[in-house]
Amino acid sequence: METESKLKLHLRPFCLSVKGPVKMLRLVLTVTSMTFFIIAQAPEPYIVITGFEAIVIFFFIILYILRLDRMMKWLFWPLLDIINSMVTTLFMIIVSVLALMPETTTLIIIGGVIGFVAALCCIADGVLIYRKLLFNPSGPYQRKTVQDKKEVL
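Rules and cut-offs
- Residues numbered from 1 in each chain as written.
- Predicted model: local features only at pLDDT ≥ 70, side-chain atom pairs only at ≥ 80, totals over all residues.
- Heavy atoms only, no water.
- Salt bridge = Lys/Arg side-chain N within 4 Å of Asp/Glu carboxyl O.
- Helix = DSSP H or I, 4+ residues; strand = E, 2+ residues; numbered from the N terminus.
- Buried < 20%, exposed > 50% of the residue type's maximum accessible area, 1.4 Å probe, protein only.
- UniProt positions renumbered as here; feature names shortened; annotations may be inferred.
- Axes fitted to C-alpha atoms, helices over the stretch in contact; angles between N-to-C directions.
- Parallel < 35°, antiparallel > 145°, perpendicular 65-115°, else oblique.
- Left-handed = near helix turned anticlockwise from the far one by under 90°.
- Contact = heavy atoms within 4.5 Å.
- Nonpolar A, V, L, I, M, F, W, Y, C, P; charged D, E, K, R; others polar.
- Phe/Tyr/Trp six-rings, centres within 6.5 Å; stacked < 30°, edge-to-face > 60°.

Hey, could you run me through the pattern of salt bridges in this one?
If charged atoms from side chains of opposite charge come close, those side chains can pair. Summed over all chains, the structure comprises three salt bridges. Across the pair Asp81 and Lys23 runs a salt bridge, and its minimum N-O distance is 2.9 Å. Within this pair, whereas Asp81 is found in helix H5 (residues 77-99), its partner Lys23 is found in helix H2 (residues 19-39), the two being separated by 58 residues in sequence. On the basis of relative accessibility, which here comes to 0%, the residue Asp81 falls in the buried class. Put simply, Lys23 and Asp125 hold a salt bridge, and the shortest N to O gap is 2.6 Å. With Lys23 in helix H2 and Asp125 in helix H6 (residues 106-135), this residue pair connects regions lying 102 residues apart in the sequence. Taking relative accessible area as the criterion, Lys23 reaches 0% and is therefore assigned buried.

Structural data, given as structure tokens:
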């Protein structure tokens, strides 16, 4: 019974996991912010940075949906995902602060506010992935429970 529940959790689809909707919300907010920047004809760095982050988030979503992270074990995907969340947070905060400068239009300000919300989602995504690594490591440094140690003896 216990192995069946572990197997079900192991095979749970990405879209139904905790980090799936958070990552998709990140994508939606980043694309929305980029759309407002494009409509308002904001400076190109705003559009390029949000567009690049949207593409990277999209590739991570595709990676997890197709389970490519389980096929390519030679990369430690959770660490790359945490680094991506940190870099995205930094870039989105910088772009959002610059977008909220006084000489901007209303659409650029809306894009900046949505960018801040996207940065908060990036922080939440990074925390969720870090907690998963902390409580369920899948790398070479796996914690062994007391029951596993007893079975070995």
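Read on, since the account is not over.
Mind showing me how you'd approach the UniProt feature "transmembrane region" (unreviewed entry) in the protein here?
The sites that carry the UniProt feature "transmembrane region" (unreviewed entry) are, in the present numbering, residues 21-40, 46-66, 78-101 and 107-130. Along residues 78-101 one finds 92% helix and 0% strand; the C-alpha atoms at either end are 35 Å apart.

Honestly, unusual backbone geometry in this entry has me stumped. Any pointers?
Both trends apply: most residues other than glycine have a negative phi, and most peptide bonds are in trans. Of note, Gln41 is a non-glycine position whose phi angle comes to about 55 degrees, a positive value. Take Gln41: it is sitting in the loop between H2 and helix H3 (44-65).

Looking at this structure, I do not really get the packing of H3 against H5. What am I missing?
Axis angle and axis distance: for two packed helices, these are the angle between their axes and the distance between the axes, and together they describe the pair. Two elements in contact, H3 and H5, have axes whose closest approach is 10 Å; the angle formed by their N-to-C orientations is 155 degrees. By the angle between their directions, the pair H3 and H5 is classed as roughly antiparallel. Regarding H3 and H5, the two cross each other, and that crossing is left-handed. Touching Tyr46, Ile49, Thr50, Glu53, Val56, Phe60, Leu63 and Tyr64 of H3 are Trp77, Leu80, Asp81, Asn84, Thr88, Phe91, Met92, Val95, Leu98 and Ala99, all from H5. Residue composition of the contact of H3 with H5, grouped by class: 13 nonpolar, three polar and two charged.

What should I look at first to understand the packing of aromatic side chains in this one?
The geometry of an aromatic ring pair is captured by the separation of the ring centres together with the interplanar angle, meaning the angle of the planes. This structure, assessed with the given rule, holds three aromatic pairs. The interplanar angle of 50 degrees and the centroid separation of 5.4 Å between the aromatic rings of Phe37 and Tyr46 together place this pair among those described as tilted. A single burial state applies to Phe37 and to Tyr46, both of which are buried. Where Phe58 meets Phe59, the ring centres are 6.1 Å apart and the plane angle is 55 degrees; that geometry is what we call tilted. A relative accessible area of 54% places Phe59 in the exposed class.

Whenever I open this one, the side chain of Arg26 confuses me. Can you help?
With respect to the element layout, Arg26 can be found in helix H2. With a relative accessible area of 0%, Arg26 lands in the buried category. Here Arg26 is in contact with Ile57, Asn84, Ser85, Thr88, Ala118, Cys121, Cys122 and Asp125, once residues within four sequence places are set aside.

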